[in-house]
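Coordinates in review
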Amino acid sequence: MAHLIIRCPNTIVFAFSIHLVVCKVQVSVDQRQRLAMSTERLNQSSDRIMESRRTMLETEELGVSILEDLHHQRDSLLHSHKKLHGVDDAIDKSKKILTAMSRRMSRNKLIVGSVIAALVLAIILILYFKLSHH
């Protein structure tokens, strides 16, 4: 029986009969490099995930802070809105009071004018009767 020896790169060669050749493959340098690269990629991906998580948490904190600010601004606007309605009501009330005062003033002027006119008419009548009877 003849033996055949086959040389394969990065392998250990076993010689058996011509009918049977078995090559046992060692973990090659290339496979080690690929494993190291895969491990490095996995580590980089883990680092990117951690950085993304940190960024997400910072963004969430910023969002919460913004929402709190918006809530305070909303409360402030609602408070201002209530005060504005109170001022608007006071202005309406003042307008009604001023309108009523203006009407009273006009009525008082009419009454005073009427009284003056009546007094002038009475004085004229008194003078007329005094002068015409003498």
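Residues numbered from 1 in each chain as written. Predicted model: local features only at pLDDT ≥ 70, side-chain atom pairs only at ≥ 80, totals over all residues. Heavy atoms only, no water.

**Observations concerning the overall build of the protein chain**
Within the protein chain, the secondary structure is distributed over one helix and two strands. Helices and strands in the protein chain line up, N terminus first, as β-β-α. Each of the 134 residues in the protein chain was classed as buried or not, and the buried ones make up 1%. Of the roughly 12,500 Å² that the protein chain leaves accessible, carbon and sulfur atoms contribute 65%. (Helix = DSSP H or I, 4+ residues; strand = E, 2+ residues; numbered from the N terminus. Buried < 20%, exposed > 50% of the residue type's maximum accessible area, 1.4 Å probe, protein only. Areas by Shrake-Rupley, 256 points an atom, 1.4 Å probe, with all protein chains shown as cover.)

**With respect to the packing of aromatic side chains**
Applying the stated criterion across every chain, the model contains one aromatic pair. Between the aromatic rings of Tyr128 and Phe129, the centroid separation amounts to 5.6 Å while the plane-to-plane angle is 65°, which identifies the pairing as edge-to-face. Residue Tyr128 is classed as exposed on the basis of its relative accessible area of 53%. Phe129 sits in the partly exposed class, given a relative accessible area of 43%. (Phe/Tyr/Trp six-rings, centres within 6.5 Å; stacked < 30°, edge-to-face > 60°.)

**Digging into the pattern of salt bridges**
Applying the stated rule across the entire model yields two salt bridges. Notably, a salt bridge pairs Asp30 with Arg34, separated by 3.2 Å at the nearest N-O pair. With Asp30 and Arg34 both in helix H1 (residues 29-133) and four residues apart, this pair spans about one turn of that helix. Residue Arg34 is classed as partly exposed on the basis of its relative accessible area of 47%. Here Arg54 and Glu51 are joined by a salt bridge, their closest N and O atoms 2.6 Å apart. With Arg54 and Glu51 both in helix H1, this residue pair falls three residues apart, about one helical turn. Here Arg54 falls in the partly exposed class, since its relative accessible area comes to 42%. (Salt bridge = Lys/Arg side-chain N within 4 Å of Asp/Glu carboxyl O.)

**As for a nonpolar patch on the surface**
A surface patch of nonpolar side chains, amounting to about 390 Å² of accessible area, comprises Leu62, Ile66, Leu67 and Leu70. The residue Leu62 is located in helix H1 in this model. (Patch = residues over 30% accessible without salt bridge, like charges linked within 9 Å, V, L, I, M, F, W, Y side chains within 5 Å.)

**Some words on the confidence of the model for the protein chain**
For the protein chain, per-residue confidence averages 84 on the pLDDT scale, and residues scoring 70 or more make up 79% of the total. Per-element averaging of pLDDT across the protein chain places strand S2 (residues 23-25) at the bottom with 44 and H1 at the top with 95. Note on residues 6-25: pLDDT under 50 across the span, and 26 contacts to partners over four residues away in sequence or across chains. (pLDDT = per-residue confidence, 0-100. Contact = heavy atoms within 4.5 Å.)

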